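# Inside the fold
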Amino acid sequence: MTRTPMTKNTKASGHPMLRPLGLLLLALWLAPVHAAEPPLQLAAADEGSAAGAGANRSAGRGFKPVLRWGLDGVLVEAGRLVDAPEARSTATARVSPFVAWQPAREWEFRAGARLEAVTQRDGPGHYDDSGAELTDTFVRYRRGDTRLTLGAQTVLWGRVDAVPTIDRVSRVDLSRFVLDDLAERRLPQPMLRWEQSFEELKLDAIVMPGFKPALLPDLQSVWSPIDRRGGRVFGLPQTPAIGAIARFASLREDLDGSGGAAVRVTRAGAPVDLGLTLAHTRQPLPYYRLDPLRMTLTRIQPYNKFVGADMEFVAGGVTLRSELGTASDVPATRLDGSMATGRSWDWIGAVEFFPGGKDTRVNLQLLTRQLRVDGPVLELKRYTGVNGEVQTSFGQGRWKLGLRFASGLNVHDVYLSPRLSYVGWEPHEFFITAHHFRGEDRTLGGFHREHGMVAVGVKTRF
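Keep in mind that what you see is a predicted model, and the values were worked out from it rather than measured.

Cut-offs used in this document
Residues numbered from 1 in each chain as written. Predicted model: local features only at pLDDT ≥ 70, side-chain atom pairs only at ≥ 80, totals over all residues. Heavy atoms only, no water. Helix = DSSP H or I, 4+ residues; strand = E, 2+ residues; numbered from the N terminus. Buried < 20%, exposed > 50% of the residue type's maximum accessible area, 1.4 Å probe, protein only. Contact = heavy atoms within 4.5 Å. Areas by Shrake-Rupley, 256 points an atom, 1.4 Å probe, with all protein chains shown as cover. Phe/Tyr/Trp six-rings, centres within 6.5 Å; stacked < 30°, edge-to-face > 60°. Lys NZ or Arg CZ within 6 Å of the ring centre and 35° of its normal. Arc of directions from axis to C-beta. Salt bridge = Lys/Arg side-chain N within 4 Å of Asp/Glu carboxyl O. Core = buried A, V, L, I, M, F, W, Y, C linked by side-chain atoms within 4.5 Å. Polar contact = N/O pair within 3.5 Å; in protein donor to acceptor, adjacent residues only side chain to side chain. Patch = residues over 30% accessible without salt bridge, like charges linked within 9 Å, V, L, I, M, F, W, Y side chains within 5 Å. pLDDT = per-residue confidence, 0-100.

### Some remarks on the overall build of the protein
Secondary structure summary: the protein contains three helices and 26 strands in total. Split into buried and exposed, the 462 residues of the protein put 51% on the buried side. Contacts in the protein between residues far apart in sequence, at least 24 positions, make up 61% of those at least 6 positions apart. For the protein, the exposed area adds up to about 20,900 Å²; of that, 61% sits on carbon and sulfur atoms.

Printed below as a string of structure tokens:
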């Protein structure tokens, strides 16, 4: 249950902040290179890249090869855990260097990595960790309205923030739980991707011959889904039997095989943008299969058959979004600890608007999830909640004040994250933020109710 780095993790030696400082120095050295080079026409591999298939058609006969390197982003953060029994302080430093080469109008090559150092101190859960993860690393060919990409790619399907139902092919990053924005909680999967545009229609087909499981934090981390000290497993009630398994069971993995395949068709145009997604892929989030007799916890991400539809409608400065999806073969835990499978139904409706102008943005989402499985299970069979973000700017746009939130409606489950940022020195953002969790068993807020945190840091997006 440690992170799954590109290179083997090593325990820290020397002062705990030496590696974070080293990554920051690397960022400062590379950042000017990134800013000074001419832009390379690389389209992002996400939902907004529909126009990317023909982006290079205007390059003309005078195209010149471009070699570019630098950073995609930097994060340096130090936090104070208010009530956690495991530790009192935590720090993270992360840099994402890349190199990209476009030797011809039709061809693109890119390689990238995410280097990260983490420390957690002042308690029995003390640990230091470092690792490297592959970011978008691929070879791409484009001609006209056709684009073919082979390699590790981050593909974010869906229209809503926070919990997109349609997001079935990206790799989920749980190393910092929900502290980061959605795009920063996704990593690439190895895949072959074919994108084809037909005027208002776009076809996006993916085959994943390999599979990278969700990235988990170190077992000592306060964000681990297995709480050895407290005897808890994320999503399950806190009982003596589960407590014994969480504390003493052997941890195993059953994650062999391919990632599956998926296809998505979208239509962009007035008055409504529409999307349809079909997938036979691995479940994005891990499930722990209990074996009380053998005292084992086996991490799996089984295949789901998924069908989803989504829409987006803009009128009068208000954007309405919705996603509906159903997945089969979703695992759940029976009362005796054995695994059952059922069908899940997820619906999300979202509204985004700007009251009083562009200085304030409000994004509200209502979501509901039902798990249909025969007989009683330990997990919640139904969850309904609201989440979203309110953000405003002031001081001639140099300051931003925001609040991310989530709350259950049929169960007690609360997450609040206020944030004050200074963005007057672009592209850097200096921030102070807090994370507050409360809730009952089996919920996000309940599992992390002792992990409230106040943090300061700097984030750079290039």
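### Focus: the packing of aromatic side chains
Going through the model one piece at a time under the given rule, you end up with twelve aromatic pairs. Considering the side-chain rings of Trp107 and Phe109, the 6.3 Å spacing of their centres and the 15° angle between planes classify their relative orientation as stacked. Centre to centre, the rings of Trp425 and Phe430 are 5.9 Å apart; their planes meet at 10°, and the pair counts as stacked. The class for Phe430 is partly exposed, based on a relative accessible area of 34%. Taken together through their ring pairs, the aromatic side chains of Phe177, Trp223, Phe234, Tyr415, Phe437 and Phe447 make up a single cluster. Across from the ring centre of Tyr303, 4.6 Å away, lies the NZ or CZ of Arg282, which sits over that ring.

### Quick notes on helix H2 (residues 240–248)
Among the residues of H2, Ile242, Gly243, Ile245 and Ala246 are the ones counted as buried. With its buried residues spanning 165° around the axis, H2 presents them on a single face. Exposed and oriented more than 90 degrees from the buried face of H2 are Pro240, Ala241 and Phe248. On its buried face, H2 sits against strand E11 (226–227), strand E12 (232–233), strand E16 (287–291) and strand E17 (296–300).

### Overview of the pattern of salt bridges
Within this structure, the stated rule accounts for 37 salt bridges. A salt bridge links Arg232 to Asp227; the nearest nitrogen and oxygen atoms lie 3.1 Å apart. Pair check on accessibility: Arg232 and Asp227 agree, each one buried. Residue Arg299 is joined to Glu253 by a salt bridge in which the shortest nitrogen-to-oxygen separation is 3.3 Å. Of this pair, Arg299 sits in strand E17 while Glu253 sits in strand E13 (residues 250–254), and the two are 46 residues apart along the sequence.

### With respect to unusual backbone geometry
With an omega dihedral of 5°, the bond running from Glu426 to Pro427 counts as a cis peptide bond. We note that Asp122 has phi near 65°; this positive angle belongs to a residue other than glycine. Positionally, Asp122 belongs in the loop between strand E3 (107–121) and strand E4 (127–134).

### Examining the nonpolar core
Val155, Trp157, Val169 and Ile206 are the most contacted members of the largest nonpolar core, which has 17 residues in total. Secondary-structure elements contributing two or more residues to this core are strand E10 (201–208) and strand E19 (318–333). The greatest single-element share of this core, amounting to three residues, is contributed by E19. Counting residues in each nonpolar core, the second largest holds 15 residues, with Leu236, Ile245, Ala246 and Leu378 among its members.

### Things to note about the side chain of Ser328
Along the chain, the position of Ser328 falls in strand E19. Ser328 sits in the buried class, given a relative accessible area of 9%. There is a polar contact of 3.4 Å between the side chain of Ser328 and the side chain of Asp329. In this structure, Ser328 is in contact with Tyr303, Asn304, Lys305, Gly342 and Arg343, ignoring residues within four places of it in sequence.

### Some details on a nonpolar patch on the surface
A cluster of nonpolar residues, Val82, Phe394, Trp399, Leu401, Leu420, Ile432, Val454 and Val456, forms a patch on the protein surface that exposes about 640 Å² of accessible area. Sorting the residues of the nonpolar patch by element identifies strand E23 (399–408) and strand E26 (453–461) as the ones contributing at least two each. The residue Leu401 is located in strand E23 in this model.

### Remarks on the confidence of the model for the protein
Residue-level pLDDT values for the protein average 89, and 87% of them are 70 or greater. In this model residues 1–18 is a low-confidence stretch, pLDDT under 50, and it forms 50 contacts with partners more than four residues away in sequence or in other chains. Throughout residues 32–46 the model reports pLDDT below 50, and contacts reaching past four residues in sequence, or to other chains, amount to 39 contacts.

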